[in-house]
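Inside the fold
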Amino acid sequence: MTVSKIWVLAEATDGKVATTTLEILAKARELADTVEVVTASGAEIAAEVGAHGATKVLAVGGTEGKLLGAPLAGAIAAAIAAGNGPDAVLMATSYTGRDVAGRLSVKIDAPVITNVVDLVERDGRLAGVEPIFGGVTDVITKFTTDKVGIFLVRPKSFAAEESGGAAASVEELSVPDLGATGTAVVTSRFVEEKTGPSLDEAAVVVSGGRGLGEKDNYQLVEDLAKLLQAAPGASRAIVDAGWVPYSYQVGQTGKVVKPTLYIAAGISGATQHLVGMKGSKNIIAINKDAEAPIFAVSDLGIVGDVHKVLPKLIEALQARS
Amino acid sequence: MANLVAESEFLLSVLSEPQSQGMLLGMNVVVCVKQIPDPADPGALDPQTNTLKRDGKLILDESDSYGVEMALQLVDTAGGGEVTLVSMAPNGEVSGLRTALAMGAAKAVLVSDPALAGSDALGTSKVLAKAIQRAGEADLILTATESSDGYTGVVPEQIAELLQLPSITFAKEITIEGNTLKVQRQTEAGYDEVESPLPAVVSVTAGVVEPRYPSFKGIMAAKSKPVDQVTVADLGIDPSAVGWAGGGQEIVEVAQAEARAGGTIVEDDGEGFQKIVDLLAELKVI
């Protein structure tokens, strides 16, 4: 194996490692002999990442209350400069992951390969597979230099799986002086109350798009979702229009979902959206335009008006329950 | 490009000193905008280079209209100052910039150079950082969270690092109090309140403000607003450091992704809902 050491950026909340991190660890240990994690969390994640194949936790201290992009990128770059770096750094396409990737890219003057859904080897280097045009085409990109490869990996690209490894050892990774770049601090955190299953985990997702016509009609999506114990989602178009919060967005930006069933109501199926839901096991689409791209990925497509189909569907389901 | 880091120190002195506490002397905001092919047109790859074709008419990326609107509102609130646009394009295209100028931006710096063709995110950021420097004193630099055609999403942080500035990505709301920038930053669970001193780089989430429509007067005025068109060399960047040559990454393969098998498509005759109920039952969802 020519890729000998991979670092994975490990994100955790209250000591619980993010699923996206565990997914990447599963792939990383397939690719490299040594897999280590870099994290702003400390020893409390050593057992969990160890069980998923990491042998070492590189704990970046002193980040409490700070935005993590600058300190984590600073610590990784300093280790690389000191000759202790890996062959590649993998991180999830998350808020923190993107911040770290951008800063690190400048620090080591190397590009980032983004939106990666798979990692392969090409000519002895790690290369990223990125879907474009709504997932119709895959491009494989590799770096042309021997610098450390930075990859941003999409959520749900790999299945998280335990390796049965022992708890990882813990080592400090120090942060150099960051000057002005390290001055952004988090003063408070707000958690939006959400009821019902989350988009990430729901077995059924019902999403609405511009075809709903107006904001108030999103209630139809909410009603259907409730009946099916589904998570409500949305296309970027109606998020941008301010109908629903960003946290509802399914797509290239927003959440990648792979439920058992995905119902797209009034969504035409722009590239942006298809990438986020194409991996669903079953897809039902309702759209009045027979030419809409969403029908190309649908198991069942109803060419019709969502304002007519959805109320009847809701009524029929209510009658059954 | 090796001198970029050294020059970023110089740049700090060029960026304006923050306004004195409590005095609303106005603020200058630079907004990075991208002109992209109309997303309504189907995308295509250039068969020679395997990158996105960008040869048709370009429009202002809708994602950027939120940053422009946010900047105009902040300048209004501050009681003075101006909004400057910074953009790059291989072919001197300005139609997208005119849209943002018509909304109310005062001027623009357009880096236009054939050498830019094929630039990756890092090359783009290096050029934009220099162009921001050229745009004059900036208290705040706004970008979108990502473009609607390339989607890399790393440019805001790269610009911030090149300029050695703090950055806050995914902003839903921005307020300025004295020298302090306060941002509501989108998170997985909700949002965080984040603060940093100015100057700073902030990426703005789409949909958080209502971009104004350019008025007729604005459209007419935009025609005579200054667009400072410069080349890569004008910015002191070696053209071989950007574009294809400067990339540091190459596409080695383009393949058709695995296609989903086509399903059943039916016209709704008033009973279409029943087909859905049947499938839901078959899948044991109900």
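For the structure given in this document, a descriptive report is provided here. Just so we're clear, the structure is a prediction, and the values are computed from it rather than from any experiment. (Residues numbered from 1 in each chain as written. Chains lettered and ligands numbered in written order. Predicted model: local features only at pLDDT ≥ 70, side-chain atom pairs only at ≥ 80, totals over all residues. Heavy atoms only, no water.)

1. Re the overall build of chain B
For chain B, the count of helices and strands is seven helices and 13 strands. Within chain B, buried positions represent 50% of all 286 residues. Partitioning the contacts of chain B with sequence separation of at least 6, the portion at a separation of at least 24 is 73%. (Helix = DSSP H or I, 4+ residues; strand = E, 2+ residues; numbered from the N terminus. Buried < 20%, exposed > 50% of the residue type's maximum accessible area, 1.4 Å probe, protein only. Contact = heavy atoms within 4.5 Å.)

2. Section: the sheet that holds strand β8 (residues 180–186) of chain B
If you walk across this open sheet you meet the 10 strands as β13(A)-β9(B)-β8(B)-β7(B)-β10(B)-β6(B)-β1(B)-β4(B)-β5(B)-β11(B), and the pairing is mixed. Edge positions in the sheet fall to β13 (185–191) of chain A together with β11 (227–230) of chain B, since each has one partner strand and no second. Ignoring which end each strand starts from, the neighbouring axes of this sheet average 30° apart. As paired elements, strand β5 (residues 107–112) of chain B and β11 of chain B share four bridges and run parallel to each other. Within the sheet, the bridge partner assigned to Val-111 of chain B lies in β11 of chain B and is Val-230 of chain B. (Pairing = 2+ DSSP bridges. Axes fitted to C-alpha atoms, helices over the stretch in contact; angles between N-to-C directions.)

3. Comments concerning the packing of aromatic side chains
For the structure on display, the rule yields five aromatic pairs over all chains. Consider the rings of Tyr-95 of chain A and Phe-170 of chain B, whose centres lie 4.7 Å apart with planes at 85°: the pair is edge-to-face. Placement of the pair is Tyr-95 of chain A in helix α4 (residues 95–107) and Phe-170 of chain B in strand β7 (residues 167–177), with the two residues belonging to separate chains. Relative to Phe-151 of chain A, the ring of Phe-143 of chain A has its centre 5.3 Å away and its plane inclined at 70°; by these criteria the two rings are edge-to-face. (Phe/Tyr/Trp six-rings, centres within 6.5 Å; stacked < 30°, edge-to-face > 60°.)

4. Quick notes on the pattern of salt bridges
Enumeration according to the criterion identifies 22 salt bridges over all chains in this entry. A salt bridge links Asp-109 of chain A to Lys-126 of chain B, with the shortest nitrogen-to-oxygen separation between them at 2.6 Å. Taken together, the residues Asp-109 of chain A in the loop between α4 and β7 (112–116) and Lys-126 of chain B in helix α4 (residues 121–134) connect one chain to another. Among the salt bridges present, the one from Glu-250 of chain B reaches Lys-142 of chain A, with a minimum N-O distance of 3.0 Å. Within this pair, whereas Glu-250 of chain B is found in strand β12 (residues 249–256), its partner Lys-142 of chain A is found in strand β10 (residues 137–143), the two belonging to separate chains. Classification of Glu-250 of chain B as partly exposed rests on a relative accessible area of 35%. Among the residues examined, Lys-142 of chain A registers a relative accessible area of 6% and is labelled buried. Beyond isolated ion pairs, a larger network of salt bridges with shared partners links Arg-103 and Lys-107 of chain A together with Glu-157 and Glu-161 of chain B. (Salt bridge = Lys/Arg side-chain N within 4 Å of Asp/Glu carboxyl O.)

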